[in-house]
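These are the residues of each chain, in order.
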Amino acid sequence: MTYAEVNGINLYFEEVGEGSPLVLLHGGLGSGEMFGAILPALSARHRVILPDLQGHGRTADIDRPIDIRTMADDIAALIAHLGLDRPDVAGYSLGGGVALQLAIRHPGAVGRLVAASAGIRRDATDPEILAQQGQLTGAAVEFMKDTPMYELYQRVAPRPEDFPRLLDKIGESMAVDYDFTEEVRGLQVPTLIVAADADMCPVSHFAEVFALLDGGVRDGGWDGSGRPKGGHALAILPGLTHYNLVDSPLFAQVTLDFLARS
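Criteria and thresholds
Residues numbered from 1 in each chain as written. Predicted model: local features only at pLDDT ≥ 70, side-chain atom pairs only at ≥ 80, totals over all residues. Heavy atoms only, no water. Helix = DSSP H or I, 4+ residues; strand = E, 2+ residues; numbered from the N terminus. Buried < 20%, exposed > 50% of the residue type's maximum accessible area, 1.4 Å probe, protein only. Contact = heavy atoms within 4.5 Å. Areas by Shrake-Rupley, 256 points an atom, 1.4 Å probe, with all protein chains shown as cover. Lys, Arg positive; Asp, Glu negative; His and termini not counted. Charge placed at Lys NZ, Arg CZ, Asp CG, Glu CD. Pairing = 2+ DSSP bridges. Axes fitted to C-alpha atoms, helices over the stretch in contact; angles between N-to-C directions. Polar contact = N/O pair within 3.5 Å; in protein donor to acceptor, adjacent residues only side chain to side chain. Expected span 1.5 Å × (residues − 1). Right-handed = clockwise from strand over helix to strand, strands pointing away. Core = buried A, V, L, I, M, F, W, Y, C linked by side-chain atoms within 4.5 Å. Salt bridge = Lys/Arg side-chain N within 4 Å of Asp/Glu carboxyl O.

The chain appears in an unreviewed UniProt entry as Pimeloyl-ACP methyl ester carboxylesterase from Catenuloplanes niger.

1. Looking at the overall build of the chain
Across its full length, the chain carries 9 helices and 8 strands. Referenced to the eigenvectors of the C-alpha coordinate spread, the extents of the chain come out at roughly 60 × 40 × 30 Å. Across the 262 residues in the chain, those meeting the buried criterion constitute 52%. Counted over contacts in the chain with a minimum sequence separation of 6, partners at least 24 positions apart contribute 75%. Total accessible area computed for the chain in this model is approximately 11,600 Å², and 53% of it derives from carbon and sulfur atoms. Once the 20 positive and 35 negative side-chain charges of the chain are each reduced to a mean point, those two points are 5 Å apart.

2. Looking at the sheet that holds strand 8 (residues 233-241)
Spatial ordering of the open sheet is given by 1-2-4-3-5-6-7-8, a layout of 8 strands whose pairing is mixed. Looking at which strands have only one partner, the edges of the open sheet turn out to be strand 1 (2-6) and strand 8. Averaged over all pairs of adjacent strands, the angle between their axes in this sheet comes to 25°, without regard to strand direction. Relative to strand 6 (residues 113-116), strand 5 (residues 88-92) runs parallel, the two being bridged by 4 bridges. Each bridged residue has a counterpart across the sheet, and for Val89 the counterpart in strand 6 is Leu113. Together, strand 3 (20-25), strand 5 and strand 6 form the strand contacts of helix 3 (residues 94-105), whose direction differs from that of strand 5 by roughly 145°.

3. Structural notes on the environment of Val6
Mapped onto the elements of the fold, Val6 is located in strand 1. Owing to a relative accessible area of 5%, Val6 belongs among the buried residues under this scheme. Discounting chain neighbours no more than four positions away, the residues touching Val6 are Leu11, Asp74, Ala77, Leu78 and His81.

4. Some words on the side chain of His56
Note on placement: His56 falls in the loop between strand 4 (46-51) and helix 2 (68-81). Engagement of the side chain of His56 in a polar contact is seen with the backbone oxygen of Gln54, the distance being 2.8 Å. Not counting the four nearest positions on each side in its chain, His56 is found in contact with His26, Gly27, Gly28, Leu29, Gly30, Leu94, Leu166 and Ile170.

5. Regarding helix 2
Side chains three or four residues apart in an α-helix point the same way, a direct result of the helix having 3.6 residues per turn. For helix 2, spanning 14 residues, the distance from its first C-alpha to its last is 20 Å, which sits close to the expected 20 Å at 1.5 Å a residue. Every buried residue belonging to helix 2 is among Met71, Ala72, Asp73, Asp74, Ile75, Ala76, Leu78 and Ile79, and all of these are buried. Buried residues along helix 2 sit against strand 1, strand 2 (9-16), strand 3, strand 4 and helix 3. Between a side-chain oxygen at the N-terminus of helix 2 and the backbone nitrogen of Arg69 the separation is 2.7 Å; the capping residue is Asp67. Just downstream of helix 2, Gly83 is the residue with a positive phi angle, here 70°.

6. Regarding the pairing of strand 6
Here strand 6 shows two buried faces, one formed by Leu113 and Ala115 and the other by Val114 and Ala116. On the question of chirality, the crossover connecting strand 5 to the parallel strand 6 by way of helix 3 is right-handed. Pairing of strand 6 with strand 7 (residues 191-198) involves 4 bridges; the strand directions are parallel. Bridged to Val114 within strand 7 is Leu192.

7. What about the environment of Ile68?
Along the chain, Ile68 falls in helix 2. In this view, Ile68 contacts Leu94, Gly97, Val98, Gln101 and Phe180; residues no more than four positions away in its chain are not counted.

8. Digging into the nonpolar core
In terms of nonpolar packing, the biggest core is built from 52 residues, with Val23, Leu25, Ile75, Val89, Leu102, Leu113 and Val184 touching the most fellow members. Look past the residues within four positions of Leu25 in its chain and what remains in contact with it is Phe35, Pro51, Leu53, Ile75, Val89, Ala90, Gly91, Tyr92, Gly95, Val98 and Ala99. Grouped together as the second largest cluster of nonpolar side chains are 26 residues, Tyr92, Ala235, Phe251 and Ala252 included.

9. Describing the pattern of salt bridges
Summed over all chains, the structure comprises 17 salt bridges. One salt bridge in this structure joins Arg165 and Asp61, with 3.2 Å as the shortest N-O distance. Here the residue Arg165 occupies a position in helix 6 (residues 163-174), and Asp61 occupies one in the loop between strand 4 and helix 2, the gap between them amounting to 104 residues. Here Arg159 makes a salt bridge to Asp162, at a shortest N to O gap of 2.7 Å. Looking at Arg159, the relative accessible area reads 31%, which means it is partly exposed. One network of salt bridges, with partners in common, ties together Glu14, Glu33, Arg58, Glu151 and Arg155.

Next up, the structure:
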């Protein structure tokens, strides 16, 4: 097992494959194992680094809130610890939010960015999902004992008894209002926004995010001269949801295609 003491946390990570580095960030209540279905495709062309975020997987929690901004600082510190020169970064759901914050807060640490199923405003999330998120506390642990998230945590976490605490902290983090519109508007890293066509946020929200990046506001032209000036792109993946996008070969393919662009 490989750990790095960075930014005040003992961060677990794995490495798979060879090629240009790609840091892959998992979703909430998951771990790097979440990418198992698409990891062979990604690692065939990249040296994939899979950290377990704060309090997730094999990374023990520490005494601070779950916050995508501080987790982004963790990943920036891991990149420096590993001596990586502007690796590409891809994140899904919670990891997509962390990836965006990494590019916002540490633009010099990132080559190209893929942010999947990550809304940038809390009020863009489906109201029914917001209501469900509001009920997430440690008291819900009994209802989650048959879920893959609970099984994973009990199998790999350094302190399996911390699962209720993680639920409390995730619930608290999701209750905080946020709007990263202006920060995203200023992104300097070439970014691919990815979403399912039936995601937690409507497709219109991801089109709005793309528009903040100068995307989808004009015809691209025969020569592509009308495309976003920063090299940004948008992919809406058909027939998928927030919950199975991470397993889809389509997600792997659009990610690899975007990262291969110069």
